[in-house]
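Here is what each chain is made of, one letter per residue.
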Amino acid sequence: VGVTFNSGSGSVRNSTIQMSGKYGIRLTASSAVSVVDNILTHNSQSGTNYPALFIDSSSPDSIFGNRITDNRAQGIGVWVLTDTASPRITRNLIRRNLTGITIVNATPYLRDNTIVANYVTGNSNSGAGIYIGFPAANAVCTGNLIAGNFYGVSIINSGRINLGDLNNASHNDDGGNILTDNTFSGATWDVWNG
């Protein structure tokens, strides 16, 4: 693991984290951590179960401006294993990973990210720009570019995602996402609802 926070506060800024066997950065029960303007590349060397940036049961406000590219597993994994996870993930480039962002029972806020070309040729288990699942998963997604993946947004096991709601008073979920050219086996799958 490149960097781990198990509790408390801190930051990872302007760093390059590469070639880690497992996670590039792992945040567990560490909500007061910022991850800003880093490069995470070629991590997850030990297998596809280790996201380059793994947020487990924590809700950091600042996952901002990172370049998360060419990792063997997920670019970002947001999971709830013991507590809530509602991180703010904004203005990141997430490109050429097994999947872009994988969300399991978590409630992240995803804004103004570029989530492109996340797939492994010949691997039908890869390729979601955003992969969201299980009943407690409920993400808000606004202003993102989700393009060139096998599946733009893949929803499984009763997961939910808000891709835009103009009928409420809040402007934090007004949509404005661009989903384009998400294609697998000749079919376009900008949103796949399983």
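Everything numeric in this text was worked out from a predicted model, so none of it was measured. (Residues numbered from 1 in each chain as written. Predicted model: local features only at pLDDT ≥ 70, side-chain atom pairs only at ≥ 80, totals over all residues. Heavy atoms only, no water.)

A. How the structure looks around the packing of aromatic side chains. Inspection of the entire model under this criterion finds eight aromatic pairs. Here the aromatic rings of Tyr23 and Phe54 are separated by 5.0 Å at their centres, their planes lie at 10 degrees, and the arrangement is stacked. In this pair, Tyr23 is assigned in the loop between strand 3 (16-18) and strand 4 (25-28) and Phe54 in strand 7 (residues 53-56), connecting sequence segments 31 residues apart. Accessibility assignment for this pair places Tyr23 and Phe54 in one class, buried. Both rings, one in Tyr151 and one in Trp192, keep their centres 6.2 Å apart while their planes meet at 55 degrees; by these two values the pair is tilted. In this pair, Tyr151 sits in strand 19 (residues 151-156) while Trp192 sits in strand 24 (residues 191-193), placing the two residues 41 residues apart along the sequence. Under the relative-accessibility criterion, Trp192 is labelled partly exposed at 30%. (Phe/Tyr/Trp six-rings, centres within 6.5 Å; stacked < 30°, edge-to-face > 60°. Helix = DSSP H or I, 4+ residues; strand = E, 2+ residues; numbered from the N terminus. Buried < 20%, exposed > 50% of the residue type's maximum accessible area, 1.4 Å probe, protein only.)

B. Examining the sheet that holds strand 17 (residues 138-142) more closely. The seven strands lie next to each other as 2-5-8-11-14-17-20, forming an open sheet whose pairing is parallel. Looking at the sheet topology across the chains shown, the edges are occupied by strand 2 (9-13) and strand 20 (160-162). Each neighbouring strand pair of the sheet contributes to a mean axis angle of 15 degrees, computed without reference to strand direction. Direction of pairing for strand 11 (residues 88-90) relative to strand 14 (residues 109-111): parallel, over a ladder of three bridges. (Pairing = 2+ DSSP bridges. Axes fitted to C-alpha atoms, helices over the stretch in contact; angles between N-to-C directions.)

C. Inspection of the sheet that holds strand 12 (residues 93-95) at higher detail. Read from one edge of the open sheet, seven strands run 3-6-9-12-15-18-21, paired in parallel fashion. Each edge of the sheet is formed by a strand with only one pairing partner; in this case those strands are strand 3 and strand 21 (178-180). Put simply, the sheet's adjacent strands are angled 5 degrees from each other on average, direction ignored. Here three bridges tie strand 6 (residues 39-41) to strand 9 (residues 67-69), and the two strands are oriented parallel to one another. Across the sheet, the residue bridging to Thr41 is Thr69, located in strand 9.

D. A look at the nonpolar core. Counting 32 residues, the largest nonpolar core has Ile76, Ile103 and Ile130 as the members making the most contacts within it. Broken down by secondary-structure element, the contributors of at least two residues to this core are strand 4, strand 5 (32-36), strand 7, strand 10 (76-79), strand 13 (101-104), strand 16 (128-133), strand 17 and strand 19. (Core = buried A, V, L, I, M, F, W, Y, C linked by side-chain atoms within 4.5 Å.)

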